Amino acid sequence: MKLEIKSFIIGVLATVNLFLLMGFDAHEEENQNGRYQVIIDDKGDQYWYDTRYGDKVAIGSKSYGYILLKEKGGMKERFDKEYELVDALKELD
């Protein structure tokens with residue numbers, strides 16, 4: 001069996017194009033995953049940080065609930081449940 005150079009080149013180019021097309025993606029979902037990181041100290045207080053900018057965006061405690069912070073610090077909103085804070089953070093994006 002004889003190897004034709006044209007067929008070989010066409011096969012290699014088709015394979016390379018397939019790999020390139022599989023790699024294209026908008027990556028919009030990846031930016032949403034892991035956007036906020038929660039750090040819990042030894043007292044059980046939670047500090048929510050925006051991993052994109054490094055800002056503290058919220059504070060949570062069992063005694064006073066969850067507080068969404070303004071850009072320059074201070075309270076913007078207070079929530080009793082964690083899922084309410086998560087919904088508010090989704091609206092900010």
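Here the structure is shown first, and the text comes after it.
Residues numbered from 1 in each chain as written. Predicted model: local features only at pLDDT ≥ 70, side-chain atom pairs only at ≥ 80, totals over all residues. Heavy atoms only, no water.

Here the focus is the overall build of the protein chain. Along the protein chain, the regular secondary structure elements total three helices and five strands. Mapped from its N terminus to its C terminus, the protein chain presents α and β elements in the order α-α-β-β-β-β-β-α. Contacts spanning at least 24 positions in sequence make up 13% of the contacts within the protein chain whose residues lie at least 6 apart. (Helix = DSSP H or I, 4+ residues; strand = E, 2+ residues; numbered from the N terminus. Contact = heavy atoms within 4.5 Å.)

Time to look at the pairing of strand 4 (residues 65–69). Of all the five residues making up strand 4, five are buried; the element is thus mostly covered by neighbouring parts of the structure. Bridging between strand 3 (residues 56–61) and strand 4 involves four bridges; their strand directions are antiparallel. The residue of strand 4 that forms the bridge with Gly-60 is Tyr-66. Hairpin remark: strand 3 followed by strand 4, antiparallel, with three residues in the connecting loop. (Buried < 20%, exposed > 50% of the residue type's maximum accessible area, 1.4 Å probe, protein only. Pairing = 2+ DSSP bridges.)

Moving on to the side chain of Asp-50. Here Asp-50 is to be found in strand 2 (residues 46–50). Within the structure, Asp-50 has its side chain in polar contact with the side chain of Arg-35 (distance 2.8 Å). Discounting chain neighbours no more than four positions away, the residues touching Asp-50 are Arg-35, Tyr-36, Asp-55 and Val-57. (Polar contact = N/O pair within 3.5 Å; in protein donor to acceptor, adjacent residues only side chain to side chain.)

Moving on, we come to the side chain of Arg-35. For Arg-35, the location among the structural elements is in the loop between helix 2 (28–32) and strand 1 (36–40). Classification of Arg-35 as buried rests on a relative accessible area of 9%.

Buried within helix 3 (residues 82–92) are the following residues: Leu-85, Ala-88 and Leu-89. In a view along the axis of helix 3, the buried residues occupy a sector of 100°, so they form one face of it. Exposed positions of helix 3 whose direction lies more than 90 degrees from the buried face are Tyr-83, Lys-90 and Glu-91. Of the surrounding secondary structure, the elements contacted by the buried residues of helix 3 are strand 1, strand 2, strand 3, strand 4 and strand 5 (75–79). (Arc of directions from axis to C-beta.)

Attention shifts here to the sheet that holds strand 2. Spatial strand order, 1-2-3-4-5: five strands in an open sheet with antiparallel pairing. Looking at strand neighbours, the two that pair on one side only are strand 1 and strand 5, the edges of this open sheet. Direction aside, the axes of adjacent strands within the sheet are offset by 20° on average. Each of strand 1, strand 2, strand 3, strand 4 and strand 5 is contacted by helix 3, which is oriented at about 15° to strand 4, the strand it contacts most. (Axes fitted to C-alpha atoms, helices over the stretch in contact; angles between N-to-C directions.)

Counting nine residues, the largest nonpolar core consists of Trp-48, Val-57, Ala-58, Tyr-66, Leu-68, Phe-79, Leu-85, Ala-88 and Leu-89. It is helix 3 that provides the largest number of residues to this core, a total of three residues. For Tyr-66, the residues in contact, after removing those within four places along its chain, are Gln-46, Trp-48, Ile-59, Gly-60, Glu-77, Arg-78, Phe-79, Asp-80, Lys-81, Glu-82 and Leu-85. (Core = buried A, V, L, I, M, F, W, Y, C linked by side-chain atoms within 4.5 Å.)

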